[in-house]
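Residue-level listing of the chains:
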Amino acid sequence: MDAPSSASGPTQPRLSPADALAALRASAPLTQCITNYVAMQIAANTLLAAGAAPAMIHTVEESGAFAGLARAVTINIGTLSPAWVDGMKAAIDGATAVGTPWVLDPVAHYASAYRSAVARDLLSRRPTILRGNASEILALAGGNTAARGVDAADPVTAAGAAASALAREYGSVVAVTGAVDLVTDGTRVAMVSGGSPWMPQVTALGCSLTCLMGAFAAVTAPLEATVAALTLFAEAGARAHAHSEGPGSFAWRFLDALAAVTPDDLTGTERVSWNAP
Amino acid sequence: MDAPSSASGPTQPRLSPADALAALRASAPLTQCITNYVAMQIAANTLLAAGAAPAMIHTVEESGAFAGLARAVTINIGTLSPAWVDGMKAAIDGATAVGTPWVLDPVAHYASAYRSAVARDLLSRRPTILRGNASEILALAGGNTAARGVDAADPVTAAGAAASALAREYGSVVAVTGAVDLVTDGTRVAMVSGGSPWMPQVTALGCSLTCLMGAFAAVTAPLEATVAALTLFAEAGARAHAHSEGPGSFAWRFLDALAAVTPDDLTGTERVSWNAP
Amino acid sequence: MDAPSSASGPTQPRLSPADALAALRASAPLTQCITNYVAMQIAANTLLAAGAAPAMIHTVEESGAFAGLARAVTINIGTLSPAWVDGMKAAIDGATAVGTPWVLDPVAHYASAYRSAVARDLLSRRPTILRGNASEILALAGGNTAARGVDAADPVTAAGAAASALAREYGSVVAVTGAVDLVTDGTRVAMVSGGSPWMPQVTALGCSLTCLMGAFAAVTAPLEATVAALTLFAEAGARAHAHSEGPGSFAWRFLDALAAVTPDDLTGTERVSWNAP
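Now for a description of the structure that goes with this document. Since the model is a prediction, treat every value here as computed from it, not as a measurement. Residue positions are given per chain, counting from 1 as you read along its sequence in written order. By the order in which they are written, chains take letters starting at A while ligands take numbers starting at 1. Under the rules for a predicted model, residues below a pLDDT of 70 receive no local features and side-chain atom pairs below 80 are neither given nor counted, while totals for whole chains, interfaces and linings still include all residues. Based on all heavy atoms of the structure, the side-chain values leave hydrogens and waters out of the count.

So, the overall build of chain A
When its secondary structure is counted, chain A shows 11 helices and nine strands. Reported as C-alpha extents along the three principal axes, the dimensions of chain A are approximately 40 × 40 × 35 Å. Each residue's exposure class comes from its accessible area (1.4 Å probe, protein chains only) as a fraction of the maximum for that residue type: buried when under 20%, exposed when over 50%, partly exposed otherwise. When each of the 277 residues of chain A is scored for burial, the buried share is 66%. Contacts are assigned to residue pairs that have any heavy atoms within 4.5 Å of one another. By sequence separation, contacts in chain A at least 24 residues apart represent 73% of the contacts at least 6 residues apart. For every accessible area listed, the method is Shrake-Rupley and the probe measures 1.4 Å; residues are considered covered only by the protein chains on display. Element-wise, carbon and sulfur atoms account for 55% of the exposed surface of chain A, whose accessible area totals about 8500 Å². For helices the rule is a DSSP run of H or I covering at least 4 residues; for strands it is a run of E covering at least 2, with both sets numbered from the N terminus onward.

This is the structure in structure tokens:
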């Protein structure tokens, strides 16, 4: 299917990373994050440092109703279980019903038959944004992957065609994150560079990035939201790296940097390049 | 109802913040914390740094029995679900049966009908201490609030009358926390000032404060316990702020400060002022 | 029973701590950690900093299948509940079926009848490695303990005989951790010293150590794996201590140190001493 996503994205303005960050801080969008146990604290701290308002509300008794109030919803299957999947589906339904953007992070979906089935079910609900590492995106598109656990074993560039195919099939913006990040809506393609080699050694930074993409999708169109989140991560990561001596010091310096980066710091950045697909 | 709480509070000595901190460190009270997934790590680290002994024991199969062994119990509904609520109720029953103090933190109870019903059910069990931000306390007392998610959108002073009404109705000490904190048992009122503007940008510090109030309630009367916890947070927060460059550096400096503050540092503090209600 | 464990341990090479660390970093073993909510983030960060690949996969729908792919499994009952215990048992069965080593951490098993029954059930499945503090090991062996919550109240040396008895009965390597650590397979005994007095004030470092023992058991025999994990913790803890001012600064410096310690740093270390049992 090539039909556009039913999410609210297309009605949002297309903002530069700098303007998107200013808009995020001006409105502190309430972002409902259904994420994994490992990520909850760092994801909430990431959104708070960036200027958004996270709410970790997951249970099916309230996740759908709350999604109707939130300005974005993010779904991450890292530590899924049946009760949580029920809550995820209710939140997706609640978001979709009112045109609220939602983001899917299919963590290590190839790691078990159960996880794979859940990821495909959620993907079929057409997320506004889909984020994964190269191994996750390749496997979702039906390709082979060298990966085992939660870490990517394939280069980002190897997943470009898979990302475009998924974007067109599900009407989603697809982000493949790694040393350099690739974003596409199936037509346009952006590459974002920056960050720090310490980032993969800090658990759940990728999951936190997924939540931040949701927060940005509350203030700008999906492709621009994804690029803005990646650009902010790239800039804050590079700044934090300069003064870090390991993954422990990087983690808190990264939160400091997320809070300190201004929209001006992202103006005219050379971190983003746009290409034909 | 104006009946006093059935909890053990009234039989505890009324200690100054300095003496309460000395008593806490002398006995390292075992404090059962049923809190949310986001808060668990920072709450445990907060209690350890302050000198208490946290135990995160939540499931209904053991929460009630363990509450009979703990010296205080704290309940936080941040990431509630039905199985956890069962565990909370069993722990409250276990604590109440032996006169052990317990603290309720009704996080964002206005965010859904489910959450609201649970919060009111737990409140009806008459917590020794009730802690919330201004929006949470206003809404519990039946007032209007401007809040959406987990963050307060109302000033602390706006919730003073609501706090007193709740204190009298449920026989609880009520704390309204914010830039300045208000504590009342319905008769006396204390205001506590200090802390840092970074505190709202570090997730779950409020939840951690709830747990610390429980730990102090194991060694001093409820009103004094609440004031002692707030005073320690205010002092440690101000110290950590002086050397922090953002929410990331503040978080670990705050834990260092919690461990470094001595009872003498709280002696004759001007952080607390007492008023008529 | 004196029968050897059925786990793969005996077929692994017996490596020194230095060689074990080199082997760990060379292969980044995929380690399935079913641990408690408090520990998840710091445990994952500990394994990443050390050089392993953690995967927090717990639910019964996939934990057994994933255990067949992982190179080690670790089980920690800190925040157990019935659904999680089902996932633990499936993971143990999955690991045992293919000879993958697994580690048991029976956190505070004496704290309730429910917890005690679960711990004994899991222990009867004959873990490759059993780790506890002195109070936990004493109580598992049927002795008396002064402990209440999750913290030890007995000295490590008091648990030496209990550790040897458990090692012989269950065919496990048993580690008793504290200011000085004791490890035994029922025949040989090693003592490991180092670390920092801040370690007990950082929540879940012991749980993280359990996960790290699993990662090392993927590359060396169980007794040597346990000693290697303890030696790395002792060395990194001592390094982090030298520059820390409290539990907050210690926590991130410890992660930096875990990543910075090289195999050479562990060569000829005097942290380990071997004795007759």
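Further notes follow.
Comments concerning the environment of C:Ala236
Residue and element names in this part refer to chain C. By the element assignment, Ala236 lies in helix H9 (residues 222–242). Measuring from C-alpha to C-alpha, the distance between Ala236 and Ala257 comes to 5.0 Å, with 21 residues separating the pair along the chain. Once residues within four sequence positions are removed from consideration, Ala236 is found in contact with Phe254, Ala257, Leu258 and Val261.

What about the relation of the copies chain A and chain B?
A least-squares fit on C-alpha atoms brings the copies together, and the residues used are those whose pLDDT is at least 70 in both copies. The two copies are related by a screw motion: chain A maps onto chain B through a turn of 120 degrees and a shift of 0.0 Å along the axis, at an RMSD of 0.0 Å. Seen this way, the second copy is the image of the first under a three-fold rotation axis. Judged by C-alpha distance, A:Tyr37 is the residue of chain A that lies nearest the rotation axis, at 3.8 Å.

Section: the side chain of A:Thr79
Mapped onto the fold, A:Thr79 is located in the loop between strand S3 (72–76) and helix H4 (82–97). Polar contacts involving the side chain of A:Thr79 include one to the main-chain amide nitrogen of A:Tyr37, which spans 3.1 Å. For A:Thr79, the contacting residues outside a window of four places in its chain are A:Asn36, A:Tyr37, A:Val38, C:Met56 and C:His58. Residues adjacent in sequence count toward polar contacts only when both atoms are side-chain atoms; beyond that, a polar contact is any pair of N or O atoms within 3.5 Å, and within protein one must be able to donate a hydrogen and the other to accept it.

Quick word on the packing of H9(C) against helix H10 (residues 247–260) of chain C
Residues and elements named next belong to chain C. Across the interface, H9 lies against H10 with an axial gap of 8 Å and an inter-helix angle of 125 degrees. Here H9 is positioned oblique relative to H10, judged by the angle of their axes. Classified by chirality, the crossing of H10 by H9 is right-handed. Every residue of H10 that contacts H9 at Leu232, Phe233, Ala236, Gly237, Arg239, Ala240 and His241 is listed here: Phe250, Arg253, Phe254, Ala257 and Leu258. Comment: axis = line fitted to C-alpha atoms, over the contacting stretch for helices; angle = value between 0 and 180 degrees taken between N-to-C directions. Oblique is the label for any angle not under 35 degrees, not over 145, and not in the 65 to 115 range, which are roughly parallel, roughly antiparallel and roughly perpendicular in turn. When the near helix sits turned anticlockwise from the far one by under a right angle, the crossing is termed left-handed; a clockwise turn instead gives a right-handed crossing.

A few points about the relation of the copies chain C and chain B
Note that the two copies of the chain are related through a rotation about an axis and a translation along the same axis. Superposing chain C onto chain B takes a rotation of 120 degrees plus a shift of 0.0 Å along the axis, which leaves an RMSD of 0.0 Å. Looking at chain C, a mere 11% of its interface residues are interface residues in chain B too, so the copies touch through different faces.

Structural notes on the interface of chain C and chain B
Counting residues at the interface gives 27 residues for chain C, matched by 25 residues for chain B. Two parts placed together each lose some accessible area under a 1.4 Å probe, and the buried area is that loss summed for both. Of the roughly 2200 Å² buried where chain C meets chain B, counting both sides, 60% is carbon and sulfur surface. Any Lys or Arg side-chain nitrogen found within 4 Å of a carboxyl oxygen on Asp or Glu counts as a salt bridge. Seen at the junction of chain C and chain B, the total is one salt bridge. Measuring nitrogen to oxygen at the nearest pair gives 2.6 Å for the salt bridge that ties B:Glu62 to C:Arg115. For the interface between chain C and chain B, the tally reads seven residue pairs in polar contact (both at pLDDT 80 or more). Contributing elements (two or more residues each) for the side of chain C that touches chain B: helix H2 (40–50), helix H5 (113–123) and H10 of chain C.

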